[in-house]
Amino acid sequence: MKTEQFKKRLEEEKAKLEAEMASVGRKNPRVPGDWEPIPSETGTEADLADQADVVMSRESNIAILGDLEARYDTILEALKRIEKKTYGICRVCGEKIEEARLGADPAATTCIKHR
Ligand SMILES: [Zn+2]
């Protein structure tokens, strides 16, 4: 299978995800490869309404970051499989994943039958 085009798309998506994660989070200095939401400023808010907004935005950052991170891990796994030459193999049946399916999602780990 030609993996070049899929590799290129995975790397593009990886870069895009990194940029998106950097807008809602930062790399966790304690856990390499992990991301944490940008901490909100505390103690500077003028009133409770503002504080509530900060909490809300922090909570949605956590949710957004969680989604981005999950997708990011999936992309990294797919890139690893390309390196190990196991890319495009269904993890359920071991058959080749249809190119159309990989075209729709280059990080797919199962064939159409086993998705
Ligand atoms: Zn399968």
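See the structure printed just above.
Residues numbered from 1 in each chain as written. Predicted model: local features only at pLDDT ≥ 70, side-chain atom pairs only at ≥ 80, totals over all residues. Heavy atoms only, no water.

Some remarks on the environment of Asp73
Residue placement: Asp73 occurs in helix α2 (residues 48–83). You can call Asp73 partly exposed: its relative accessible area is 41%. Measuring from C-alpha to C-alpha, the distance between Asp73 and Gly33 comes to 9.6 Å, with 40 residues separating the pair along the chain. (Helix = DSSP H or I, 4+ residues; strand = E, 2+ residues; numbered from the N terminus. Buried < 20%, exposed > 50% of the residue type's maximum accessible area, 1.4 Å probe, protein only.)

Re the coordination of the zinc ion
Within the protein, the zinc ion binds to Cys90 (SG), Cys93 (SG), Cys111 (SG) and His114 (ND1); these donor distances fall in the range 1.9 to 2.4 Å. Coordination geometry of the zinc ion: the 4 donor atoms subtend angles of 98 to 121° at the metal centre, consistent with an arrangement described as tetrahedral. Taken in chain order, the donor set of the zinc ion reads C-x2-C-x17-C-x2-H. Pair noted here: Cys93 is in the loop between α2 and α3 (99–104) and His114 is in the segment after α3, with a separation of 21 residues, a long-range link. (Donors = N, O, S within 2.8 Å, 3.2 Å for Na, K, Ca; no water. Tetrahedral: all angles 85-135°; square planar, octahedral: opposite > 155°, others 65-115°.)

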